[in-house]
Amino acid sequence: MRQARPVPRPRRRGRVGESARGPVRRPPRPYDRYAVGLHHLASGVSSRGTVDERAAWLREQSAEIERGPKEREYAPGYYAVFLYDPDHIKLEIVHTS
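First, a word on scope: everything that follows refers to the structure included in this document. (Residues numbered from 1 in each chain as written. Predicted model: local features only at pLDDT ≥ 70, side-chain atom pairs only at ≥ 80, totals over all residues. Heavy atoms only, no water.)

## Digging into helix α1 (residues 48-60)
For α1, spanning 13 residues, the distance from its first C-alpha to its last is 19 Å, which sits close to the expected 18 Å at 1.5 Å a residue. Against β4 (64-71), β5 (78-84) and β6 (90-96) lie the buried residues of α1. Once α1 finishes, serine 62 follows within two positions and takes phi at roughly 65°, a positive value. (Helix = DSSP H or I, 4+ residues; strand = E, 2+ residues; numbered from the N terminus. Expected span 1.5 Å × (residues − 1). Contact = heavy atoms within 4.5 Å.)

The structure is reproduced here in structure tokens:
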């Protein structure tokens, strides 16, 4: 007796990141803050002193400080420090009065 052939499944069109055979693995890319997605992450604090304190601690830890802490021209009372995390994502610690 002959065995029946399996019925071929229709190929489905995959969603983004999928193929007919499963997930597509893409090589990791370095973070690009000007690409679509996160530009930078800001964290508000309660006082200018806290911004200064965090900036001093970050310097002790050899963090990569981009600029500040200082008053920025964005708005009156906008006081911030900008830095980069180990993945080179830009972070901001800010106080506004």
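## Side note on the pattern of salt bridges
For side chains of opposite charge, pairing can occur when their charged atoms come near one another. This model, assessed by the stated rule, comprises 5 salt bridges. With a closest N to O distance of 3.2 Å, glutamate 71 and arginine 48 form a salt bridge. Of the two residues, glutamate 71 sits in strand β4 while arginine 48 sits in helix α1, which places them 23 residues apart along the sequence. A relative accessible area of 34% means that arginine 48 is categorised as partly exposed. (Salt bridge = Lys/Arg side-chain N within 4 Å of Asp/Glu carboxyl O. Buried < 20%, exposed > 50% of the residue type's maximum accessible area, 1.4 Å probe, protein only.)

## Structural notes on the packing of aromatic side chains
Going through the model one piece at a time under the given rule, you end up with 1 aromatic pair. When the centroid spacing of 5.1 Å and the interplanar angle of 90° are considered together, the rings of tyrosine 74 and tyrosine 78 count as edge-to-face. Using a relative accessible area of 45% as the deciding quantity, one classes tyrosine 74 as partly exposed. Looking at arginine 48, its charged tip hangs above the ring of tyrosine 79, at a distance of 4.0 Å from the centre. Lying across the ring of phenylalanine 82, arginine 67 places its NZ or CZ 4.6 Å from the centre. (Phe/Tyr/Trp six-rings, centres within 6.5 Å; stacked < 30°, edge-to-face > 60°. Lys NZ or Arg CZ within 6 Å of the ring centre and 35° of its normal.)

## Examining the side chain of lysine 90
Along the chain, the position of lysine 90 falls in strand β6. Within polar-contact distance, the side chain of lysine 90 engages the side chain of glutamate 66 at 3.1 Å. Not counting the four nearest positions on each side in its chain, lysine 90 is found in contact with Tyr31, Arg33, His39, His40, Leu41, Glu66, Arg67, Phe82, Leu83 and Tyr84. (Polar contact = N/O pair within 3.5 Å; in protein donor to acceptor, adjacent residues only side chain to side chain.)

## Details of the sheet that holds β5
Read across the sheet, 4 strands follow the order β3-β6-β5-β4 without closing on themselves; strand pairing throughout is mixed. Of all strands in the sheet, those bounded by a partner on one side alone are β3 (40-44) and β4. Between one strand axis and the next, the sheet turns through 15° on average, direction left out of account. Where β4 meets β5, 5 bridges bridge the pair, whose relative direction is antiparallel. Across the sheet, the residue bridging to arginine 67 is phenylalanine 82, located in β5. (Pairing = 2+ DSSP bridges. Axes fitted to C-alpha atoms, helices over the stretch in contact; angles between N-to-C directions.)

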